[in-house]
Each structure stands twice: as C-alpha cells, then as structure tokens.
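Here's the letter readout for the chains.
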Amino acid sequence: MIFALVILVRLRTGSAIAKIAARISSRAWLQGLIAAPLWLLILSALELPAAVLGHRVSLRYGLSIENWLPWWADWLKSTCLTLILGVLALTVLYALMRHSPRRWWLWFWIFTVPVVVLLTFAAPLIIDPLFNHFSPLADTNPALVDRLEQVAARGGLNIPPNRIFLMDASRKATGANAYVTGLGASKRIVVWDTTLHVESMPEILFTYGHEQGHYVLDHIPKGLTFSAVGLLLAYWIAFRLMQRLVSSQGESWRIDAVAGWSSTGLLLLLASILSFLAAPVANTFSRAIEHDADVYGQEVIHGLVPDPKATTVRSFCSDAMVWLDDPHPNRFVEFWTYSHPSTEERAQFAAHYDPWLPGQKPRFFKKAD
Ligand SMILES: [Zn+2]
C-alpha cells in the first residue's frame, strides 16, 4: 500500500485527479466531492487483492465458511461506509486547510474527536447490524444468561440481561470470540454463537469474564483517550511533513499547495506511513489492556468454576485451536502487530497465576470473597 502510494505520488496522480475535479467545478469543496471519492476508490482497489487472498486462505483452512457472494456484499457495504466517512473527513480537512493554513491540524483534531466518540456510540446500533445479526442472548440461552449474571454479580456489577447479545457468527466463521462495544447507553457485551459450540461452560464463563473486565475497567473510554492523544500528535507531524514536502518536492510532484486537491495522494501516503509506525505503540497499549482483562477474567470466575487456572488455560487453548494461532510467533512480529499477547504467553501466565494461594493477592478482588 505504502509502496503503491509512493509510485502514485511520483507519477503526479494528485495533479491529474485535481485537474479532472477542476474541470467539473471551480468551487474547492465541490472539487473535493470528485477528488476525495476517486482517491478512496484507489485505496480500496489497492487493498482488494490482499483482502481476496485473505478470504481464500480463510476458506481453505476452514476459518471462514462465508460464500463469495455474501463476502462481496460485505466488501461493497464496507467500501460504501469508507467512502461516506472518508469523503466527509477529507472535505472537512481541506476546508480547514484553506481557512487556517497554520492551525488546520488542531482544528481537524477538534473535529475528529467528537466524531470518533459518536461513531463508537453508534457502531453497535447502526454499523454492526449491517454485517451481522444480533439478538439478546436471553432469548435463546436463558440458562447461560443466569450463569453470566452470577459472574456479573461477583464483579459487583449489574449488567442488565438486555446488554448481553448473541451474534450469529456461525453463518460466516468457525472461530470463537466475544467483545465489548459501544459507549454509555449503547455499551454492550457481544458473544459469538460459535463460542457456545467451541467452549465448555466454565470456559465460556472465563471468556465472558474477560469481556466483563473490559467493561468494568473502562477500557473503551481509556482506548478513546489514548487514540485522541495519538491523533493529535499524528496530525501535527503530518502538518509539518506536508509543509516541508510540498515546498521542497511540490514542483516535481506537481502539487501546487498543501490545501489544494493535488496534495491528497501525498496526504494519504503520510497517513499510511504514520499509522504503520504507530501500530507497535497502539498494540503495546492494547496488549496491556488485554492482559488486565485476562487477570480480571481469571479472578472473577474464582468460586464459580471448579478450577479457574485450568479453565483459563483450556479456554486459550481451544480458542487457539479453532483460530489456528501460531503457537510461537516471532517476537518482533508480535511486538509490531499483535493486539493481544500471544496465546502461549496468555496461557503461561494463567497457568502460574493463583492469587488465592497464601501470600498472594488478587488484583481486582478481595481475598475474603
Ligand atoms: Zn479482550
């Protein structure tokens, strides 16, 4: 992707697209409605081969059972979403660049943060249902909800049963999964229906306990704060680099101004480089949060399952089996790209973690419990 964008910038694609847009309208924001979607479609086209290959491999190894027709329908839906959100972001960004050549990075950040918060709130209500079907878990598995309520009660929580959803993942995938999503009134725990086939009851309680950990420990607001700080820094770096590159290379790449639509390719190139470089930082943060949720999950099922240590280890192992995880990932690959600690690390930790032993102390619970 980065390589392809470098070639497009050097081939002066930005200026060609800006010229097409200028021929259609003389207004900058209307030009954006031509240039921005063209660039976003180029990006989608560049990502397509890897996505197709990824799905082929998933089908080949039985991780996915989704036919090609619904897969393409999903791809089309997500491309439309990217187009809508991307065009909105780019037209606002370029309007800010034109009005405030020195402070646009700050104004755009002030615009982005509430939009990201709003999207986090709206995702489970509007976006997720476009791709999967969700129903209250209590509708189909009231007995399981009763057990999960015990876990919630042990955590001193009152998660209403209508905040626990079942997702019909088995139409598309075979692996087990669960996650916490949304914010405030839309906050919820989602369990993939595949989990119920792959895991035993105690393992499901741990998987759920881990998700409850994210819920209780406010990992979504923490993650949002972390991204907001990261975005501010990234926007400022992009601002400085755009300024410098357009003044030094603008002529040879035919980019007339930072705020002109001829610069979009360069901007997208910088955005991909920055997000690639930010990945290890974001993933290190994510692995720390995931580890905390593991500790919470293992502690919260104490007293509810016969052997929390063995249950936790087994849960990691059965997940790793169905997902065909690499048991010994390369340390560097893990550092750069893994959002969770490797299964081996998680299982190793769980196997040696027993805070109810004499002299040990649980992190999130009192020992008397
Ligand atoms: Zn997690």
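Before reading on, note that the structure itself is shown above.
What counts and what doesn't
- Residues numbered from 1 in each chain as written.
- Predicted model: local features only at pLDDT ≥ 70, side-chain atom pairs only at ≥ 80, totals over all residues.
- Heavy atoms only, no water.
- Salt bridge = Lys/Arg side-chain N within 4 Å of Asp/Glu carboxyl O.
- Helix = DSSP H or I, 4+ residues; strand = E, 2+ residues; numbered from the N terminus.
- 1 Å grid on protein atoms, 1.4 Å probe; cavity = no way out; pocket = protein on both sides within 12 Å on 5 of 7 lines; lining within 4 Å.
- Points joined across faces, edges and corners; volume = space filled by probe spheres on them.
- Nonpolar A, V, L, I, M, F, W, Y, C, P; charged D, E, K, R; others polar.
- Phe/Tyr/Trp six-rings, centres within 6.5 Å; stacked < 30°, edge-to-face > 60°.
- Buried < 20%, exposed > 50% of the residue type's maximum accessible area, 1.4 Å probe, protein only.
- Donors = N, O, S within 2.8 Å, 3.2 Å for Na, K, Ca; no water.
- Pairing = 2+ DSSP bridges.
- Axes fitted to C-alpha atoms, helices over the stretch in contact; angles between N-to-C directions.
- Core = buried A, V, L, I, M, F, W, Y, C linked by side-chain atoms within 4.5 Å.
- Arc of directions from axis to C-beta.
- Contact = heavy atoms within 4.5 Å.
- Left-handed = near helix turned anticlockwise from the far one by under 90°.

S.K.: Can you lay out the pattern of salt bridges for me, pointing to particular residues and giving the numbers?
M.R.: Under the counting rule described, the total for this entry stands at 9 salt bridges. In this structure, Asp 168 and Arg 171 form a salt bridge, with 2.7 Å as the shortest nitrogen-oxygen distance. In this structure, the salt-bridge partner of Asp 218 is Lys 187, at a minimum N-O distance of 3.8 Å. A residue pair is termed long-range when its members are at least 10 positions apart, and Asp 218 in the loop between helix 9 (201-216) and helix 10 (219-253) and Lys 187 in the loop between strand 3 (178-181) and strand 4 (188-192) qualify at 31 residues.

S.K.: Any chance you could break down empty space enclosed by the protein for me, citing the residues and the numbers?
M.R.: Counted by the stated rule, this structure contains 1 cavity of 30 Å³ or more. In this model, the largest cavity occupies a volume close to 40 Å³. Taken together, Val 9, Arg 12, Thr 13, Gly 14, Trp 39, Trp 253, Ile 255, Ser 262, Gly 265 and Leu 266 make up the full set of residues lining the largest cavity. Elements with a minimum of two residues in the lining of the largest cavity: helix 2 (13-24) and helix 11 (264-300). Within the lining of the largest cavity, the residues separate by chemical class into 5 nonpolar, 4 polar and 1 charged.

S.K.: Let's hear about the packing of aromatic side chains: which residues, and what values?
M.R.: The geometry of an aromatic ring pair comes down to the distance between the two centres and the angle between the two planes. Tallying each qualifying case throughout the model produces 17 aromatic pairs. Ring centres of Trp 104 and Phe 239 lie 5.6 Å apart, and the angle between their planes is 80°; on these two criteria the pair is classed as edge-to-face. Here the residue Trp 104 occupies a position in helix 5 (residues 104-127), and Phe 239 occupies one in helix 10, the gap between them amounting to 135 residues. Just as Trp 104 is buried, Phe 239 falls in that class too.

S.K.: Before we move on, can you summarise the coordination of the zinc ion with the specific residues and values?
M.R.: Here the zinc ion is held by His 210 (NE2), His 214 (NE2) and Glu 290 (OE), and the distances to it run 2.0 to 2.1 Å. All donor residues of the zinc ion come from one chain, and their arrangement in sequence is H-x3-H-x75-E. One end of the pair, His 210, and the other, His 214, are both in helix 9, 4 residues apart, so they sit about a helical turn from each other. Here His 214 falls in the buried class, since its relative accessible area comes to 11%.

S.K.: Give me the layout of surface pockets: which residues, what numbers.
M.R.: Computed from the structure, the second largest pocket encloses a volume of approximately 300 Å³. Lining the second largest pocket we find 14 residues, and of these His 55, Glu 66, Trp 71, Asp 74 and Lys 172 sit closest to its centre. If you list the elements that add at least two residues to the lining of the second largest pocket, you get helix 3 (28-60) and helix 4 (68-99). Among the elements that take part in the lining of the second largest pocket, helix 4 stands out by supplying 3 residues, more than any other.

S.K.: If you had to explain the sheet that holds strand 1 (residues 134-136) to someone new, which residues and values would you point to?
M.R.: What the 4 strands build is an open sheet, ordered 1-2-4-3; its pairing is mixed. Each having just a single partner strand, strand 1 and strand 3 make up the two edges of the open sheet. With strand direction ignored, the average angle separating the axes of adjacent strands in the sheet is 30°. Pairing of strand 3 with strand 4, which is carried by 4 bridges, proceeds in the antiparallel orientation. Among the inter-strand pairings, Ala 178 is bridged to a residue of strand 4, identified as Val 191.

S.K.: Summarise the nonpolar core; cite the residues concerned and give the values.
M.R.: Core analysis: the biggest nonpolar cluster contains 32 residues, and Leu 5, Leu 90, Met 97, Trp 104, Trp 261, Leu 266 and Leu 267 have the highest contact counts within it. Counting residues per element, the ones that place at least two in this core are helix 1 (2-10), helix 2, helix 3, helix 4, helix 5, helix 10 and helix 11. One finds Leu 166, Ile 189, Val 300 and Ile 301 within the second-largest nonpolar core, a separate group that totals 26 residues.

S.K.: Can you break down unusual backbone geometry residue by residue, with the values?
M.R.: Not every positive phi belongs to a glycine, and Arg 12 is a case in point at roughly 60°. Within the secondary structure layout, Arg 12 lies in the loop between helix 1 and helix 2. For Arg 12, a relative accessible area of 31% puts it in the partly exposed group. Positive phi is not limited to glycine here, since Asp 218 has a value of about 55°.

S.K.: Let's hear about helix 1: which residues, and what values?
M.R.: If you check which residues of helix 1 are buried, you get Leu 5, Leu 8 and Val 9. Seen along its axis, helix 1 keeps its buried residues to an arc of 100°; they face one direction. With respect to the buried face of helix 1, the exposed residues turned more than 90 degrees away are Phe 3 and Arg 10. Those residues of helix 1 that are buried are in contact with helix 2, helix 3, helix 10 and helix 11. Just downstream of helix 1 lies Arg 12, where phi reads positive at about 60°.

S.K.: Explain the packing of helix 2 against helix 3 to me, and be specific about the residues and the numbers.
M.R.: Interhelical geometry of helix 2 versus helix 3 gives an angle of 145° and a closest axis separation of 8 Å. As helix 2 runs across helix 3, the sense of the crossing is right-handed. From helix 2, Thr 13, Gly 14, Ile 17, Ala 21, Ala 22 and Ile 24 reach across to helix 3, where they touch Gln 31, Ile 34, Ala 35, Leu 38, Trp 39 and Ile 42. In terms of residue class, the contact of helix 2 with helix 3 is made up of 9 nonpolar, 3 polar and no charged.

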